[in-house]
Amino acid sequence: MVKTNIRAVRVKPEVSEPLILRVQRTAQISPHFVRITFGDGDIERFTPMGYDQWFRLFIPAPGKPLPRLPDKLTVASYLRYLTISKQDRPILRSYSVRAYRSEGPEIDVDFVLHDPRAGHSPGPAASWARTCRPADQVAILDEGVTFNLPADTSSVLLVADESGLPAIAGILASLPRDISGRALGEQALPVGLRRHWIAAGLPKDRIVFCGYWRAGRG
C-alpha cells in the first residue's frame, strides 16, 4: 500500500451499519474481472452516493455464519475482529460499488482475478468470487466516497491500475454533464503524476490518491 490522503477528503455516509446481502448472480465480464450482483437482505437500507462509493466486504469463512459485526471499523473494532479464530474469521476486504440499480434494488461489484501465470497468487476474496453461488451471504459496511469534485472544476483526470477500474467507472458515470473526464489504467503512473503536479504547484487538496496493487505482489 502506498501513501494515501483518502481520510482527509472522503465523505462518509450519514448512517453506517453492517448490511447483510445475498448474491443474486455472477458474470465473467472479461478474462480478469467477474461481476457479482448483490441484493435481498438489507439492500433497502443501502444509500447510493455515486462516484467511487466503497465499502468493507465481509465474506463468511467456509461453512461458518457471519459473526456480530461493528457499526464502523476502528482500530479497536479491527483488533476485536482479529481475535476471532482463523477458522471462523470472515474475509475482510474493501471494494467499490460498480453500479446501483433501484430496481430490485441491487448493486454490482467487480472483482479482479489476477492471472496466476503473472506471479499473482489468487487471494481469498478473488477465490470466493470465482466460486460463489446465488443466495450466498455476505455483509457490507458502507464507507462513503473518496472523490470530491471541486465546484470550479471543468475536467478531471483519473489514473488507476486494474483494481481501480470499478471506482473510475463509477466516477465517470456520476460526473455532471458539463464536466469532462479522462481515464488511464496503470499502477506506477499515479505516483509519478502526483509528484509532478505537486512540484508544478497544484494544490494538494486537488489531488486524491490511494494505491493498492504493485507488480510482483499479490
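Residues numbered from 1 in each chain as written. Predicted model: local features only at pLDDT ≥ 70, side-chain atom pairs only at ≥ 80, totals over all residues. Heavy atoms only, no water.

Of regular secondary structure, the protein chain possesses five helices and nine strands. Shown N-terminal to C-terminal, the secondary structure of the protein chain runs as helices and strands in the order α-β-β-β-α-β-β-β-α-β-β-α-β-α. Sorting the 218 residues of the protein chain into buried and exposed places 39% on the buried side. Nonlocal contacts in the protein chain, meaning residues at least 24 apart in sequence, comprise 75% of its contacts between residues at least 6 apart. (Helix = DSSP H or I, 4+ residues; strand = E, 2+ residues; numbered from the N terminus. Buried < 20%, exposed > 50% of the residue type's maximum accessible area, 1.4 Å probe, protein only. Contact = heavy atoms within 4.5 Å.)

Moving on, we get to the nonpolar core. Within the largest apolar cluster, 25 residues are counted, with the highest numbers of intra-cluster contacts made by Ile36, Phe38, Leu57, Ile107, Phe111, Trp128 and Ile140. Every element with two or more residues in this core is listed here: β1 (18-30), β2 (33-39), β3 (54-59), β4 (91-96), β6 (106-112), α3 (124-131) and β7 (137-144). Of all the elements, α3 adds the most residues to this core, at four residues. Grouped together as the second largest cluster of nonpolar side chains are ten residues, Val145, Phe147, Ile171 and Ile179 included. (Core = buried A, V, L, I, M, F, W, Y, C linked by side-chain atoms within 4.5 Å.)

Moving on, we get to a nonpolar patch on the surface. Among the surface-exposed residues, Val75, Tyr78, Leu79 and Leu82 lie close enough to one another that they form a single nonpolar patch of about 380 Å² accessible area. Tracing the chain through its elements places Tyr78 in helix α2 (residues 75-82). For Tyr78, a relative accessible area of 35% corresponds to the partly exposed category. (Patch = residues over 30% accessible without salt bridge, like charges linked within 9 Å, V, L, I, M, F, W, Y side chains within 5 Å. Areas by Shrake-Rupley, 256 points an atom, 1.4 Å probe, with all protein chains shown as cover. Salt bridge = Lys/Arg side-chain N within 4 Å of Asp/Glu carboxyl O.)

Right, let's talk about the side chain of Thr153 for a bit. Tracing the sequence through the fold places Thr153 in the loop between β7 and β8 (155-160). If we ignore the near neighbours within four places in the chain, the residues touching Thr153 are Ile179 and Arg206.

This next bit is on α3. What α3 keeps buried is the set Ala125, Ala126, Trp128 and Ala129. Projected down its long axis, α3 shows its buried positions confined to an angular sector of 160°, all on one face. As for α3, its buried residues are in contact with β1, β2, β3, β4, β6 and β7. (Arc of directions from axis to C-beta.)

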